[in-house]
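Examining the three-dimensional arrangement
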Amino acid sequence: MDLKKHYDILYKESIEKIVADTYHIEHEIDSPSDHRFGLTLLIRPDSQTKNRIQAFLNELKEIDPDQYYYPDSDIHITVLSIISCYDGFDLATISLPDYVAVIEKSLVGIHDLEINFQGITASPSAIMLQGFPNTNSLNDLRNKLRVNFKESGLEESIDKRYAIQTAHSTVARFRKPIENKEKLIAILEKHRDFNFGKVKVESCYLVYNDWYQREKWVKELKEFKLG
């Protein structure tokens, strides 16, 4: 996949929807009846990168404080959604050591993974950082996880929603109508190619999570150190 081209197309299409008022508002964020949970392997950026992200988000908050902005604790890059969030998923129904074993097997030979966060893109419902891995290590890890989980017979729903190929990080979501589209787009354009930093990935984390990876719901199950 040409990541730059993919992010560019996504940005263009999403800005068109914002201008036309056909963007998507995520009402589920504030719903007390949202009980979707799942199992995810993810990466967390370092504190310097998070500081740059929060400076960007602070600009957005000034013009539209009612949208949903990710706190430092919730910012992540999804390696793979192993069990996509669904209503009623319970950790007690799976054997966690079996999942850990599959991930450890898949991580063998994966090293020197860095992700450069260069610029922002958008979806019809969110604002995202553009992540660019420096090697094929992330795709190699995802492919190994796909194969090994398929062969394991464990519960999984990998690629059921879509086959993840990017290294983006969602940092804001639309939960209310946008207050000032012109100012929002101006801030996005200003950060279109902004360098948020390069993250050297030293660990991956297996977590039990809600749909939005909110800290109050997330349970870190296992940290995996990369070689």
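The preceding data block contains the structure.
Here goes a summary of the coordinates provided. (Residues numbered from 1 in each chain as written. Predicted model: local features only at pLDDT ≥ 70, side-chain atom pairs only at ≥ 80, totals over all residues. Heavy atoms only, no water.)

1. Concerning empty space enclosed by the protein
Any space left empty among the atoms is revealed by the rolling of a water-sized probe across them. How we decide: Cavities and pockets were defined on a 1 Å grid built from protein atoms only: a cavity is a group of points that admits a 1.4 Å probe but offers it no way out, a pocket is an open group of points flanked by protein on both sides within 12 Å along at least five of seven lines, and a lining residue is one with an atom within 4 Å of any such point. Grid points are joined across faces, edges and corners, and a volume is the space filled by probe spheres set on the points. Following the grouping adopted for this structure description, the nonpolar residues are Ala, Val, Leu, Ile, Met, Phe, Trp, Tyr, Cys and Pro, the charged ones are Asp, Glu, Lys and Arg, and the polar ones are all others, Gly among them.
The final tally for this structure, using the stated rule, is one cavity of 30 Å³ or more. The calculated volume of the largest cavity comes to roughly 30 Å³. Lining the largest cavity, in full, are Asp-64, Gln-67, Tyr-69, Ile-127, Phe-174, Ile-178 and Leu-184. Residues of the lining of the largest cavity, tallied by class, amount to five nonpolar, one polar and one charged.

2. Quick look at the sheet that holds strand S8 (residues 203-210)
We count it as follows: Here the rule is simple: two strands pair whenever DSSP picks up at least two bridges between them. Every helix listed is a DSSP run of H or I at least four residues long, and every strand listed is a run of E at least two residues long, numbered separately from the N terminus. Lines fitted to C-alpha atoms define the axes here, with helix axes fitted over just the stretch in contact, and angles between the N-to-C directions of these axes take values from 0 to 180 degrees.
Reading across from one edge, S3-S1-S8-S9 is the order of the four strands in this open sheet, with antiparallel pairing throughout. Strands with a single pairing partner mark the edges of an open sheet, and in this sheet they are strand S3 (77-87) and strand S9 (219-225). Here the average twist between neighbouring strands, direction ignored, is 10°. With six bridges joining them, strand S1 (residues 36-43) and S8 adopt antiparallel strand pairing. When the bridges of S8 are listed, Phe-37 appears paired with Asp-210.

3. Some points on the pairing of strand S5 (residues 126-133)
Stated formally: For the exposure calls, accessible area comes from a 1.4 Å probe over protein chains only, and a residue counts as buried if that area is under 20% of its type's maximum, exposed if over 50%, partly exposed in between.
In terms of burial, S5 is largely enclosed, as six of its eight residues are buried. Where strand S4 (residues 114-122) and S5 come together, six bridges link them in antiparallel fashion. Across the sheet, the residue bridging to Asn-116 is Phe-132, located in S5. Connecting the antiparallel pair S4 and S5 is a turn made up of three residues. The pairing of S5 with strand S6 (residues 169-173) spans four bridges and is antiparallel.

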